[in-house]
Amino acid sequence: LPSAGLLQAREAVAADYSARGVAVSADRILITDGTSEGIDIALNALVDEGDDVLVPVPNYPLYTAVLAKINATPKYYRADPERGWLPDIDHLRSLITPRTRALVVIDPNNPTGAIYPSSTRRALIDLAEQHNLTILADEVYADLGFEGSVPLLATLEPDAPIISFSSLSKGYLAPGWRAGWMVVGKTPRLDNVLAAAMKLADGRLC
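Residues numbered from 1 in each chain as written. Predicted model: local features only at pLDDT ≥ 70, side-chain atom pairs only at ≥ 80, totals over all residues. Heavy atoms only, no water.

Our next topic: the sheet that holds strand β6 (residues 134–138). An order of β1-β8-β7-β6-β5-β2-β3-β4 is seen for the eight strands of this open sheet, with the pairing classed as mixed. Looking at strand neighbours, the two that pair on one side only are β1 (29–33) and β4 (86–87), the edges of this open sheet. Direction of pairing for strand β7 (residues 162–167) relative to strand β8 (residues 179–184): antiparallel, over a ladder of five bridges. Its bridge partner being in β8, F165 is matched across the sheet by M182. Set on the sheet, helix α1 (residues 7–19) makes contact with β1, β7 and β8; between it and β1 the angle comes to about 110°. (Pairing = 2+ DSSP bridges. Helix = DSSP H or I, 4+ residues; strand = E, 2+ residues; numbered from the N terminus. Contact = heavy atoms within 4.5 Å. Axes fitted to C-alpha atoms, helices over the stretch in contact; angles between N-to-C directions.)

Written out as structure tokens, the structure reads:
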């Protein structure tokens with residue numbers, strides 16, 4: 001079996017993303033053991049020992065566990081409970097250093113349930129572009145918005161350096177299937193990350 005996942009599965013994810021407004025080819029998709037493995041692969045492809053990654057707080061603890069394994073540093077940016085748990089953009093900006101490699105965006109958010117408005121999402125993309133950061137967009141809850149599905153982050157800027165993660169477990173109510181995917185944005189800036197992720201996937205037992 002192909003280590004990146006069955007072609008039919010990758011084509012199905014590509015078709016789903018295209019229907020949601022993000023055109024992507026199957027060769028930029030990896031099928032993963034749930035969203036968790038995709039996040040692990042992406043962080044290992046992006047981050048070296050001693051690098052920083054911007055992580056929201058409160059946060060989903062998988063990110064900090066993987067960063068501890070890499071011996072990289074999570075830099076926690078605040079979400080403001082007085083403003084519906086939206087990210088504090090000014091605080092986020094103050095944490096960026098030359099060692100910062102990635103920005104984690106969990107939207108809809110786990111654990112707060114916040115859904116970010118377009119203005120916040122645009123500010124996060126702009127910040128990543130200004131500082132050459134890759135956005136890790138955890139979008140596993142996109143089909144569970146209180147008022148319907150939440151658009152994918154890349155619909156705002158298709159050429160932004162965004163790696164999107166999702167799975168069958170939440171929106172399709174299939175947690176035991178452990179079927180997830182990571183979708184690497186079409187920008188050439190992510191080509192090296194995609195190549196590294198594919199090499200990491202080659203180390204699995206398919």
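What follows covers the packing of aromatic side chains. Two measures describe an aromatic ring pair: the distance that separates the ring centres and the angle between the ring planes. Under the counting rule described, the total for this entry stands at one aromatic pair. Here Y60 and Y63 contribute two aromatic rings whose centre-to-centre distance is 6.4 Å and whose plane-to-plane angle is 75°, an arrangement assigned as edge-to-face. Judged by its relative accessible area of 30%, Y60 falls in the partly exposed class. Its relative accessible area of 1% is what places Y63 among the buried residues. (Phe/Tyr/Trp six-rings, centres within 6.5 Å; stacked < 30°, edge-to-face > 60°. Buried < 20%, exposed > 50% of the residue type's maximum accessible area, 1.4 Å probe, protein only.)

Let us look at the packing of helix α2 (residues 34–46) against helix α6 (residues 191–202). For the pair α2 and α6, interaxial distance at closest approach is 9 Å and the crossing angle is 120°. Our classification of the angle between α2 and α6 gives oblique. When the axes of α2 and α6 are compared, the crossing they make is right-handed. On α6, the residues that touch I41, N44, A45 and L46 of α2 are V193, A196, A197 and L200. Grouping the constituent residues of the contact of α2 with α6 by class yields seven nonpolar, one polar and no charged. (Parallel < 35°, antiparallel > 145°, perpendicular 65-115°, else oblique. Left-handed = near helix turned anticlockwise from the far one by under 90°. Nonpolar A, V, L, I, M, F, W, Y, C, P; charged D, E, K, R; others polar.)

A few words on the packing of α2 against helix α3 (residues 62–70). Each pair of packed helices can be summarised by the angle the axes make with each other and by the distance between the axes. Contact geometry for α2 and α3: axes closest at 10 Å, N-to-C directions at 40°. If you check the angle between α2 and α3, you find them oblique. Crossing geometry of α2 relative to α3 is assigned as right-handed. Mapping the contact onto sequence places S36, I39, D40, L43 and N44 in α2 and L62, Y63, V66, L67, K69 and I70 in α3. Taken together, the residues of the contact of α2 with α3 sort by class into seven nonpolar, two polar and two charged.

With that settled, consider the pairing of β8. The buried fraction of β8 is high, at five of six residues. Pairing between β1 and β8: five bridges, direction antiparallel. Residue T32 lies in a different strand from β8, and its bridge partner there is G180.

With 13 residues, helix α5 (residues 118–130) extends 18 Å between its outermost C-alpha atoms, agreeing within 8% with the 18 Å of an ideal straight helix rising 1.5 Å per residue. Within α5, the full set of buried residues consists of T120, R121, L124, I125, L127 and A128. Projection of α5 onto a plane perpendicular to its axis shows the buried side chains occupying an angular sector of 160°, all on one side. Facing away from the buried surface of α5 by more than 90 degrees, the exposed residues are S119 and Q130. Along its buried surface, α5 packs onto β4, α4 (89–94), β5 (100–106) and β6. N132, located one to two residues past α5, shows a positive phi value of around 55°. (Expected span 1.5 Å × (residues − 1). Arc of directions from axis to C-beta.)

Function cannot be read off these values alone, since they describe shape.
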